[in-house]
Amino acid sequence: MIRRTAGLSKLVQSVGVGSSSSLPTKQLRDHRCFGSGAASNAEQACEASVCSKFGKNEYADVDWDNLGFGLVPTDYMYMMKCSNNGIFEQGQLNLYGNIELSPAAGVLNYGQGIYEGMKAFRKEDGNLLIFRPDQNAMRMKIGSERMCMPSPSLDQFIDAVKQTAQANKCWVPPPGKGSLYIRPLLIGSGPILGLGTSPEYTFLVYASPVRNYFKEGSAPLSIYVEEEYDRSSRGGAGGVKSITNYAPVLKALLRAKSRGYSDVLYLDSVNKKNLEEVSSCNIFIVKGNVISTPTTAGTILSGVTRKSIIEIARDHGYQVEERAIPVDELSEADEVFCTGTAVGVAPVGNITYKDRRMEYKTGVQTVCPQLYSTLIGIQTGRIEDKKGWILEID
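Quick look at the structure, then.

1. Digging into the overall build of the protein chain
Per the secondary structure count, the protein chain includes nine helices and 17 strands. Expressed as a percentage of the 394 residues in the protein chain, the buried residues total 51%. Put simply, 73% of the contacts in the protein chain that link residues at least 6 apart link residues at least 24 apart. As presented, the protein chain carries roughly 17400 Å² of accessible surface, and 50% of it is formed by carbon and sulfur atoms.

Here it is as structure tokens:
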């Protein structure tokens, strides 16, 4: 289904080692000078020009119509390091590949790591549009403070995202076929034996072309309300995008999927009475002209898409409430939908709570597609961005 870019293959052929698809992975990476060390400046400059010299609208050889939400390794990733002084050095693009870590790395032993997620879309003219990267940069800064980690500056973060998107633009899907999912990752990479902060940190940015997050595509989701397991608790790290938040939800998520559900909706850990969030996204309920979503009070991630949809909904004349939402209100809702970078704005067809299945309105006349149409219109350049949300790059 997928081959490396034509540009990269031509570059490899030009130095006499054949096409990238015909070489063993280790041999190809060794030839590219990518291992535990970074490429030289000359090699980096040569590699970084690969996609750009083949034109704005040249694509990697991907079956775009059958693209899902699995990892598709692209050509480049960005790397930047920080030692005990708390200042990140100048980063650079490297060829995509494995990284070398000590077995005593802070991230492996004590979970000192956070990440972000955002998308780049391709316009008809070939330019790339990145949605609200400043919000992700600020959220990483807040998250890194909670996890006792230094963080890149906003300018460093945004520059790294831009470089990664530009270097991998061959992998940005054609308009209407998906997006390039960009994953900034900050980890404690230095060795530490006793419980403490890492002596070194690594900031990475990699990317993968994606389409629909859920296997249902754009079809309504079926969600199960989880009562046994908690996602987060007061005073914990549920309000930041820590890597430690995600493995604990797998038990409930896999169990729900084995029963035919799309995802799990969590309740507050204290009383098990109020809605929190779904495993990987925020939740909204609609009753008449009022749209409600749980308030972020340290246990719920403040999603960039969530924040954007609240503003879009108010622009459309809806009353939006951020408040504690009792689980019993699910039975009174007209409509339910989820939001997130990966999921976009996804309609919920039904929710099961205490063996009771509640059905909700879906379809073109409902609130969800109306809000999503505006959001995706801004993200892809079909609707004028009057809010300063879009970063456009060549």
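2. Remarks on the pairing of strand 6 (residues 179-188)
Of all 10 residues in strand 6, 10 are buried, a share of seventy percent or more. The alternating pattern of strand 6 places S179, Y181, R183, L185 and I187 and L180, I182, P184, L186 and G188 on opposite faces, both of which are buried. Alignment of strand 3 (residues 113-115) against strand 6, held across three bridges, turns out to be antiparallel. From the neighbouring strand, G113 faces strand 6, where its bridge partner is I187.

3. Side note on the packing of aromatic side chains
A complete count under the given rule lists nine aromatic pairs for this structure. Arranged with centres 6.5 Å apart and planes meeting at 65°, the rings of Y96 and Y206 form a pair that is edge-to-face. Residue Y96 is located in the loop between strand 2 (92-95) and helix 4 (106-110), and its partner Y206 is located in strand 7 (residues 201-210); the two are separated by 110 residues in the primary sequence. Judged by its relative accessible area of 24%, Y206 falls in the partly exposed class. Plain terms: the ring middles of Y224 and Y261 are 5.3 Å apart, the flat faces sit at 45° to each other, and that makes the pair tilted.

4. Here's the deal with the nonpolar core
Proteins that are soluble and globular tend to have nonpolar side chains buried together. Counting residues in hydrophobic clusters, the biggest one holds 39 residues, and the most contacted among them are I182, L186 and F203. Contributions of two or more residues to this core are made by strand 1 (76-82), strand 2, strand 4 (118-122), strand 5 (128-131), helix 5 (133-146), helix 6 (154-167), strand 6 and strand 7. Looking at which element gives the most residues to this core, the answer is helix 6, with five residues. For I182, the residues in contact, after removing those within four places along its chain, are E116, G117, M118, A120, V161, A165, V205, Y206 and A207. By size, the runner-up hydrophobic cluster in this structure holds 24 residues, among which are L221, V336, A346 and M358.

5. Notes on the environment of D125
Relative to the assigned elements, D125 resides in the loop between strand 4 and strand 5. When the C-alpha positions of D125 and P175 are compared, they lie 9.7 Å apart, and in sequence the two are 50 residues distant. One polar contact links the side chain of D125 to the main-chain amide nitrogen of N127, over a distance of 2.9 Å.

6. Section: unusual backbone geometry
Most of the time, phi is negative for any residue but glycine, and the peptide bond is trans. Look at K272: it is not a glycine, yet its phi comes out positive at around 55°. Mapping K272 onto the fold places it in the loop between strand 9 (263-267) and strand 10 (275-278). You will see that D355, though not glycine, has its phi angle at about 65°, which is positive. Residue position: D355 is located in the loop between strand 15 (344-353) and strand 16 (356-359).

7. Focus on helix 8 (residues 304-315)
Taking 1.5 Å per residue, 12 residues should reach 16 Å; helix 8 reaches 17 Å between its end C-alpha atoms and fits that length. For helix 8, the complete set of buried residues consists of V304, T305, R306, S308, I309, I310, I312 and A313. Once helix 8 ends, the next one or two residues include G317, with phi positive near 95°.

8. Quick word on the pattern of salt bridges
This structure, assessed with the given rule, holds 18 salt bridges. A salt bridge links K81 to E200, with the nearest nitrogen and oxygen atoms 3.7 Å apart. In this pair, K81 sits in strand 1 while E200 sits in the loop between strand 6 and strand 7, placing the two residues 119 residues apart along the sequence. When its relative accessible area of 27% is taken as the criterion, E200 is described as partly exposed. Here K123 makes a salt bridge to D125, at a shortest N to O gap of 3.8 Å.

9. Focus on the packing of helix 8 against helix 9 (residues 367-380)
For the pair helix 8 and helix 9, the least separation of the axes is 10 Å and the interaxial angle reads 110°. Between helix 8 and helix 9, the angle falls in the class roughly perpendicular. When the axes of helix 8 and helix 9 are compared, the crossing they make is right-handed. In this structure, helix 8 contributes T305, S308, I309, I312 and A313 to the contact, and helix 9 contributes L371, T374 and L375. The residue makeup of the contact of helix 8 with helix 9, split by class, is five nonpolar, three polar and no charged.

10. Looking at the packing of helix 5 against helix 6
The contact between helix 5 and helix 6 brings their axes to 9 Å, and the two run at 125°. Relative to helix 6, the element helix 5 is oriented oblique. Our pair here, helix 5 against helix 6, has a crossing hand that is right-handed. Seen from helix 5, the contacting residues are P133, D134, N136, A137, M138, M140 and K141; seen from helix 6, they are L154, F157 and I158. Each residue belonging to the contact of helix 5 with helix 6 can be placed in one class, and the counts come to seven nonpolar, one polar and two charged.

11. Some details on the side chain of E116
Locating E116 in the fold gives a position in the loop between strand 3 and strand 4. A polar atom in the side chain of E116 sits 2.8 Å from the side chain of N136. Reaching out from E116, the side chain makes a polar contact with the side chain of R139 at a distance of 2.7 Å.

12. Considerations on the side chain of T164
Structurally, the position occupied by T164 is in helix 6. Within the local environment of T164, its side chain forms a polar contact with the backbone oxygen of A160, the two atoms lying 2.8 Å apart. Once you skip the residues sitting within four places of it in the chain, T164 turns out to touch Y76, Y78, L93, V205, Y206 and A207.

Parameters and conventions
Residues numbered from 1 in each chain as written. Predicted model: local features only at pLDDT ≥ 70, side-chain atom pairs only at ≥ 80, totals over all residues. Heavy atoms only, no water. Helix = DSSP H or I, 4+ residues; strand = E, 2+ residues; numbered from the N terminus. Buried < 20%, exposed > 50% of the residue type's maximum accessible area, 1.4 Å probe, protein only. Contact = heavy atoms within 4.5 Å. Areas by Shrake-Rupley, 256 points an atom, 1.4 Å probe, with all protein chains shown as cover. Pairing = 2+ DSSP bridges. Phe/Tyr/Trp six-rings, centres within 6.5 Å; stacked < 30°, edge-to-face > 60°. Core = buried A, V, L, I, M, F, W, Y, C linked by side-chain atoms within 4.5 Å. Polar contact = N/O pair within 3.5 Å; in protein donor to acceptor, adjacent residues only side chain to side chain. Expected span 1.5 Å × (residues − 1). Salt bridge = Lys/Arg side-chain N within 4 Å of Asp/Glu carboxyl O. Axes fitted to C-alpha atoms, helices over the stretch in contact; angles between N-to-C directions. Parallel < 35°, antiparallel > 145°, perpendicular 65-115°, else oblique. Left-handed = near helix turned anticlockwise from the far one by under 90°. Nonpolar A, V, L, I, M, F, W, Y, C, P; charged D, E, K, R; others polar.

Function cannot be inferred from these measures alone, as they are strictly geometric.
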